[in-house]
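Listed below are the residues making up each chain.
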Amino acid sequence: MSSQLPSNWITQHCPAPTPSRNRALDLACGKGRHSFWLANQGWQVTALDRDLSQTDTEANPTIDWREADLETGHWPLADQQFDLIVVVNYLHRPLFPNLRDAVRAGGTLIYETFMVGNEAIGRPRSPDFLLRQGEMMENFGDWNIIAHSEGPIRANDGDEISAIKQSIVAQKPSQN
């Protein structure tokens, strides 16, 4: 199991699963810190990353671990839909339409990643991996915005800035 704690943004904004809404996707899951946490909250988790070799997939066999390169232009989940999609510290802009389609009506997207300004603090530094100001609102602003944040993230002591991030919690409108 991943020894790294889940993001505060995720733990503060994650809805509780229900019997009829319990499918979650952890996109670009890395070592699985959010996958394990979501599974412990009662979600049926699909965890996707291009390399799971450093992930303790045996620690929770109920998680559907999938290995696929998200940057090939091929969406590996076909027409599957999820009640919750979590993306943390990953940005590949061509996936935004896939994410919009993969969230079930009434479902939630929780996205947190680095934005412009982070290059002065650390990695990533390339604009390809840094959201522009307001970019998440540009892409998901037509959904019900539950929470949104842009700017510095402070380290545990509260003084030092550890990253510049943009975060959003957006609920896809229910179909009429």
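Our structure's up above, just so we're on the same page.
Fair warning: this is a prediction, and the values are worked out from it, not measured in the lab.

### Here's the deal with the side chain of Ser 7
And then number 1: Among the structural elements, Ser 7 can be located in the segment before helix H1 (8–13).
And then number 2: Polar side-chain contacts of Ser 7 include one of 2.5 Å to the side chain of Glu 112.

### Overview of the state of the cysteines
And then number 1: Counted under the stated rule, the structure contains 0 disulfides.
And then number 2: No disulfide involves Cys 14; its nearest neighbouring cysteine sulfur is the one of Cys 29, lying 16 Å away.
And then number 3: Looking at Cys 14, the relative accessible area reads 17%, which means it is buried.

### Concerning the pairing of strand E1 (residues 23–27)
Residues in a regular strand point their side chains to alternate faces of the sheet.
And then number 1: The buried count for E1 comes to 4 of 5 residues, which makes it a mostly enclosed element.
And then number 2: The pairing of E1 with strand E2 (residues 44–49) spans 5 bridges and is classified as parallel. Residue pairing across strands places Ala 24 opposite Val 45, the latter belonging to E2.
And then number 3: Once you follow E1 into helix H2 (residues 33–40) and on to E2, the crossover reads as right-handed.

### Some points on the environment of Asn 118
And then number 1: Structurally, Asn 118 is set in the loop between strand E5 (103–114) and helix H4 (135–140).
And then number 2: Residue classification places Asn 118 among the buried positions, given a relative accessible area of 1%.
And then number 3: When the C-alpha atoms of Asn 118 and Ile 164 are compared, they prove to be 4.7 Å apart, with 46 residues separating the residues in sequence.
And then number 4: Sequence-distant contacts of Asn 118, defined by excluding residues within four places in its chain, comprise Arg 123, Pro 124, Leu 130, Ala 163 and Ile 164.
And then number 5: Engagement of the side chain of Asn 118 in a polar contact is seen with the backbone oxygen of Arg 123, the distance being 3.2 Å.
And then number 6: For Asn 118, the side chain forms a polar contact with the main-chain oxygen of Pro 124, separated by 3.4 Å.

Cut-offs applied
Residues numbered from 1 in each chain as written. Predicted model: local features only at pLDDT ≥ 70, side-chain atom pairs only at ≥ 80, totals over all residues. Heavy atoms only, no water. Helix = DSSP H or I, 4+ residues; strand = E, 2+ residues; numbered from the N terminus. Polar contact = N/O pair within 3.5 Å; in protein donor to acceptor, adjacent residues only side chain to side chain. Disulfide = S-S within 2.5 Å. Buried < 20%, exposed > 50% of the residue type's maximum accessible area, 1.4 Å probe, protein only. Pairing = 2+ DSSP bridges. Right-handed = clockwise from strand over helix to strand, strands pointing away. Contact = heavy atoms within 4.5 Å.

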